[in-house]
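# Residue-level structural notes
Letter by letter, the chains look like this.
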Amino acid sequence: MGVALALPVALLLVLMSLEGVSAGWESGARVTAYLKLDVGVDEARGLLQEIESDSRISEVELVERDQALAEFRISSGLDEALDFLQENPLPHTLLITPEDSARTEAGVEGLVRYIQKMDSVERVQVDLGWLQRLNAITEMLSRAVWALSVLLAAAVVLVIGNTVRLAIENRRDEILVAKLVGGTDSFVRRPFLYTGAWFGLGGGVVAFILLELSLWWLNGPIERLAGLYRSDFSLAGLSFDGAFALIIVAMVLGWLGAWVAVKRHMDDIDPGEIA
Amino acid sequence: MIEFRQVTKRYDSDHTALRQVNFALDRGELAFLTGHSGAGKSTLLKLVMVMERPSAGEVVVGGQLLNRLPRRQIPYIRRHIGVVFQNHQLLFDRTVFDNVAMPLEVTGASPSDIGRRVRAALDKVGLLSKEKMNPMQLSGGEQQRVGIARAVVNKPPLLLADEPTGNLDPELSADIMNLFGQFSQVGVTVLIATHDIALVNEMNRRTLTLDHGRLVAGGSPLMGV
Ligand SMILES: Nc1ncnc2c1ncn2[C@@H]1O[C@H](COP(=O)(O)OP(=O)(O)O)[C@@H](O)[C@H]1O
Ligand SMILES: [Mg+2]
């Protein structure tokens, strides 16, 4: 049962860590504007200043076409092939970094439309593609986690419900006598509801310990892996609030399981069966 | 204390356990309820306990009409009724003391109050020295007396007994009956269901006789005495 509780929480933690990553990268979103081939250097510099003055823009860098070709030569290794070209096929390029506030998906899109409309701009490109994919994946994952959570929560309710059902059957005589001497339904139910809540509490604590143990066990390898990719990705542990919530939820589930068992199996224990 | 008005109890569509039963028991009265096995004695007691509901007619206990009593009110009625069973319904997972304490525990009485009243009840049935024992260690007669102590521990105004001497030899039975007599003397209404005719005759009390669900004798107080 501890495992049933620990699993969705573990996945949730992974998810939150992933979302942290994509939030970090979103800030790295950059817009590249390729100017038309017939645009001259002076015009390109004028454009740079115009764009830079926009409040949504943090920084603009101009890569002149000659410089771009030189870089391309080096990085592509097509040195000799490029010599056959009679003129430089590369346009001037503006590398635009948006202001923090404009780094949302909508903000970036607005920026793209604004730049696209400029006469001397041929094409605008955004490094958002893979970011959207990551977002879509985490979105899908989070749905899967919620679905799994619901299933496992139901499993916890059933397991505790079954335990409480057995407890009720074992104490059938006692329930009968208690009802006979004037015990109210709530008096008779109470110990079983408490039993359920205690089981839930136990399950929650076990789940918490399992989580902490596996985090502790995984964190070394993850740090090394993240180091290889120069990422600051790390698995966040459960905060105090989170641990508290986990245990409370577990207790509520236990109570709920007991309540279902009590509803189904105790209320039909009737003193009428005696004698 | 108890009044039945034209009470009929049908279990299945055609199986009638009680037919148009009429009688009234006064406060402090002790009466027997006799009849062959299956005559409807237990059914009559269950109607008083609201363990069953009448199919027709009215059951009044302590001035309260039970027919339409809401389910949640039933426990509060039962707290005013002590019951003794033939198989005594004691719990073997706890001591004599704890068995007798149950009717007080369900009312949320304080531990000191419970201790005092449980000992008083055990003293009355002569078992004070055995309070720490398990009921399993006691003889049949002693177990039945523990059952009686449990039935009277919260001083109910009404005491019901269903075959309380069914498993006991005549001497022990007489003991138990004397105990019931003492309770009625202090104002408790006592109704004892039994098919032990010899015992009933010996006690010379009002006797309600059931025959196939009909009350054939003792329905009016004058007839039985
Ligand atoms: N719960 C029940 N369901 C159906 N029939 C019952 C039930 N309890 C008792 N009866 C029937 O009602 C009749 C009276 O039973 P009961 O009151 O137990 O008689 P007694 O106690 O006098 O032996 C019997 O014929 C019995 O079979
Ligand atoms: Mg009977």
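From a predicted model like this one, the values you see are computed outputs, not experimental measurements.

Cut-offs and rules
Residues numbered from 1 in each chain as written. Chains lettered and ligands numbered in written order. Predicted model: local features only at pLDDT ≥ 70, side-chain atom pairs only at ≥ 80, totals over all residues. Heavy atoms only, no water. Helix = DSSP H or I, 4+ residues; strand = E, 2+ residues; numbered from the N terminus. Contact = heavy atoms within 4.5 Å. Areas by Shrake-Rupley, 256 points an atom, 1.4 Å probe, with all protein chains shown as cover. Buried < 20%, exposed > 50% of the residue type's maximum accessible area, 1.4 Å probe, protein only. Lys, Arg positive; Asp, Glu negative; His and termini not counted. Charge placed at Lys NZ, Arg CZ, Asp CG, Glu CD. Pairing = 2+ DSSP bridges. Axes fitted to C-alpha atoms, helices over the stretch in contact; angles between N-to-C directions. Salt bridge = Lys/Arg side-chain N within 4 Å of Asp/Glu carboxyl O. Buried area = accessible area lost by both parts, 1.4 Å probe. Near = heavy atom within 4 Å. Polar contact = N/O pair within 3.5 Å; in protein donor to acceptor, adjacent residues only side chain to side chain. Nonpolar A, V, L, I, M, F, W, Y, C, P; charged D, E, K, R; others polar.

## So, the overall build of chain A
When you go through chain A residue by residue, the secondary structure sums to nine helices and four strands. Reading chain A from its N terminus to its C terminus gives the helix and strand order α-β-α-β-α-α-β-α-β-α-α-α-α. Sequence-distant contacts, at least 24 apart, represent 81% of the contacts inside chain A between residues at least 6 apart. For chain A, the exposed surface amounts to about 15900 Å²; the carbon and sulfur share of it is 61%.

## Some thoughts on the overall build of chain B
Along its length, chain B carries eight helices and ten strands. In terms of overall dimensions, chain B has a C-alpha envelope of 45 × 40 × 30 Å along the principal axes. When each of the 225 residues of chain B is scored for burial, the buried share is 52%. Looking at chain B alone, contacts between residues at least 24 apart form 67% of all its contacts between residues at least 6 apart. Of the roughly 10200 Å² that chain B leaves accessible, carbon and sulfur atoms contribute 48%. The positive charge centre, built from 26 side chains, and the negative charge centre, built from 22, are 8 Å apart in chain B.

## A word on the sheet that holds strand S4 (residues 56-61) of chain B
Hydrogen bonds between backbone atoms are what pair the strands of a sheet, whose relative direction is either parallel or antiparallel. All names here are of chain B. Spatial ordering of the open sheet is given by S2-S1-S4-S5, a layout of four strands whose pairing is antiparallel. With one partner strand each, in any of the chains shown, strand S2 (16-25) and strand S5 (64-65) form the two edges of the open sheet. Set on the sheet, helix H1 (residues 41-49) makes contact with strand S1 (2-10), S2 and S4; between it and S1 the angle comes to about 115°.

## Some thoughts on the pattern of salt bridges
Where charged atoms of side chains with opposite charge meet at close range, the side chains can pair. This model, assessed by the stated rule, comprises 15 salt bridges over all chains. Arginine 5 of chain B is paired through a salt bridge with glutamate 58 of chain B; the nearest N and O atoms lie 2.7 Å apart. Of this pair, arginine 5 of chain B sits in strand S1 while glutamate 58 of chain B sits in strand S4, and the two are 53 residues apart along the sequence. Look at glutamate 58 of chain B and you get partly exposed, because its relative accessible area is 30%. Each of the salt bridges in this network shares a partner with another, and the network as a whole consists of Arg171 and Glu174 of chain A together with Asp93 and Arg94 of chain B.

## As for the interface of chain A and chain B
Taken together, the contact pairs 17 residues of chain A with 19 residues of chain B. Roughly 1700 Å² of surface becomes buried between chain A and chain B when both sides are summed, with 62% attributable to carbon and sulfur atoms. For the pair chain A and chain B, the number of links is two salt bridges. The partner of arginine 71 of chain B in a salt bridge is aspartate 185 of chain A, with the nearest N and O atoms 2.7 Å apart.

## Comments concerning the site of ligand 1
Residues and elements named next belong to chain B. Neighbouring residues of ligand 1: Tyr11, His15, Ala17, His36, Ser37, Gly38, Ala39, Gly40, Lys41, Ser42 and Thr43. Between glycine 40 and ligand 1, the recorded distance is 3.0 Å, taken from a backbone N or O atom to an oxygen atom. At 2.7 Å, a side-chain N or O of serine 42 approaches an oxygen atom of ligand 1. When the free accessible area of ligand 1 is taken as 560 Å², the share hidden by the protein chains comes to 65%. In terms of residues, the shell around ligand 1 owes the most to one element, H1, which gives three residues. Across the shell around ligand 1, the residue classes tally to three nonpolar, seven polar and one charged.

## Considerations on the pairing of S1 of chain B
All names here are of chain B. For S1 and S4, the ladder comprises five bridges, and the chain directions are antiparallel. Paired with phenylalanine 4 across the strands is valine 59, a residue of S4. Pairing geometry for S1 and S2, over six bridges, is antiparallel. Within S2, the position partnered with phenylalanine 4 by the bridge is phenylalanine 23. Hairpin connection from S1 to S2: five residues lie between these consecutive antiparallel strands.

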